[in-house]
Amino acid sequence: MASSLTRNCSRFSKAISVRFMSNLPEDTVYGGPKPQNPNQRVTLTHLRQKHRKGEPITMVTAYDYPSAVHLDSAGIDVCLVGDSASMVVHGHDTTLPISLDEMLVHCRAVARGAKRPLLVGDLPFGTYESSTSQAVDTAVRVLKEGGMDAIKLEGGSASRITAARAIVEAGIAVIGHVGLTPQAISVLGGFRPQGRNIASAVKVVETAMALQEAGCFSVVLECVPPPVAAAATSALKIPTIGIGAGPFCSGQVLVYHDLLGMMQHPHHAKVTPKFCKQYAKVGEVINKALMEYKEEVSKKVFPGPSHSPYKITTSELDGFLTELQKLGFDKAASAAASAAENMEPSK
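On a predicted model such as this, the values are computed, not experimentally measured, just so you know. (Residues numbered from 1 in each chain as written. Predicted model: local features only at pLDDT ≥ 70, side-chain atom pairs only at ≥ 80, totals over all residues. Heavy atoms only, no water.)

## Regarding the side chain of Arg-41
Phase 1: Looking at the element boundaries, Arg-41 is found in the loop between helix H1 (2-19) and helix H2 (44-53).
Phase 2: Overall, the relative accessible area of 13% leaves Arg-41 in the buried class.
Phase 3: At 2.6 Å, the side chain of Arg-41 forms a polar contact with the backbone oxygen of Lys-115.
Phase 4: Only 3.1 Å separates the side chain of Arg-41 from the backbone oxygen of Pro-117, close enough to count as a polar contact. (Helix = DSSP H or I, 4+ residues; strand = E, 2+ residues; numbered from the N terminus. Buried < 20%, exposed > 50% of the residue type's maximum accessible area, 1.4 Å probe, protein only. Polar contact = N/O pair within 3.5 Å; in protein donor to acceptor, adjacent residues only side chain to side chain.)

## Focus on the packing of helix H9 (residues 198-213) against helix H10 (residues 226-235)
Phase 1: Interaxial distance between H9 and H10 falls to 9 Å at its minimum, and their mutual angle equals 30°. Classified by the angle between their axes, H9 and H10 sit roughly parallel to one another. In this structure, H9 meets H10 at a crossing whose hand is right-handed. Two secondary-structure elements touch here, H9 through Ala-201, Val-204, Val-205 and Met-209 and H10 through Val-228, Ala-231, Ala-232 and Ala-235.
Phase 2: Split by residue class, the contact of H9 with H10 holds eight nonpolar, no polar and no charged. (Axes fitted to C-alpha atoms, helices over the stretch in contact; angles between N-to-C directions. Parallel < 35°, antiparallel > 145°, perpendicular 65-115°, else oblique. Left-handed = near helix turned anticlockwise from the far one by under 90°. Contact = heavy atoms within 4.5 Å. Nonpolar A, V, L, I, M, F, W, Y, C, P; charged D, E, K, R; others polar.)

## Things to note about unusual backbone geometry
Most peptide bonds take the trans form, and the phi angle of most residues other than glycine is negative.
Phase 1: Residues Phe-302 and Pro-303 are joined by a peptide bond in cis, for which omega reads -5°.
Phase 2: Its location among the elements puts Pro-303 in the loop between helix H13 (282-298) and helix H14 (314-326).
Phase 3: One non-glycine residue, Cys-223, adopts positive backbone phi at about 55°.
Phase 4: With respect to the element layout, Cys-223 can be found in the loop between strand E6 (218-222) and H10.

## Details of the packing of aromatic side chains
Phase 1: The full count for this structure, using the stated rule, is one aromatic pair.
Phase 2: Consider the rings of Tyr-293 and Phe-302, whose centres lie 6.1 Å apart with planes at 65°: the pair is edge-to-face.
Phase 3: Of the residues examined, Phe-302 reaches a relative accessible area of 32% and is grouped as partly exposed. (Phe/Tyr/Trp six-rings, centres within 6.5 Å; stacked < 30°, edge-to-face > 60°.)

## Side note on the nonpolar core
Phase 1: Residues Ile-151, Leu-153, Ile-167 and Leu-221 are the most contacted members of the largest nonpolar core, which totals 59 residues.
Phase 2: The element best represented in this core is helix H5 (residues 100-113), accounting for six residues.
Phase 3: Ignoring any residue separated from it by four or fewer positions in sequence, one finds Ile-167 in contact with Leu-123, Ala-135, Val-136, Ala-139, Ile-151, Leu-153, Ile-172 and Val-174.
Phase 4: One finds Val-42, Ala-173, Ile-241 and Val-253 within the second-largest nonpolar core, a separate group that totals 16 residues. (Core = buried A, V, L, I, M, F, W, Y, C linked by side-chain atoms within 4.5 Å.)

See the structure below:
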């Protein structure tokens, strides 16, 4: 008897602890995220296997919970929380203004929504250039506070190569980034393609090789001619991820808002790159939905009975009306009675 009681108490205790776990929401108005399955997560091993087999790697940026959920559902291999958030989310003209704290907010939101992809966080401008200790400290925060699996850093100068090596030696996976590096527009003179002459093309390949030697598990090649990207991809033993670099890379990456045709704002149209293919015109759908919503609210069409699901029983309503009248709120009682009548499905 005592043993049975102990087992029941134990089961009850486990049930209570499970009930209050944040990833197991109660049956409330809103649902919540599902628990992660570690066996379904993309890892560096999975990416290396795809690379060996010649299977293209897919990468897309995400900046919040909804976009991360969409990437997860689509089976995208790598989710990049890019500093491009500075432009497509925060509305800046460049990637430079976004801070580490702002990036960490984006990282945490994405980590809650993406269960399957490898999660990579960009190191924002000004958070890793001063010293290797600064670079390592920033990378550690991106993993510990942001929930990322790896980081990406831009550039191929000696200090950047040293920073990449130090981060790898600290036990953190790193993606390099060469070609057009948006954080360096002050030096490059704007968002200009690279590798278009002999010296620049050789530099792209040599920088990618140096990043590989520093321990990077992949390199992004941005805005370089396809032959240059093909040469770098052939020379490297690690996968290349192209963006505006032609079809000969080991994989491709695009910005979420760009590929979805998310925004029709003139600012965004100004910065949408030529190489981006729009797979949808989501911005037009959003604008149409918002205008329809505005019209229905203005005409008092929405919300109707079908979108007013929370009911009060007739007896409770009668009691409520009586109490309102006792309090001297006759007008409020009349409004409540009229609302109840108008919310009947037939009306």
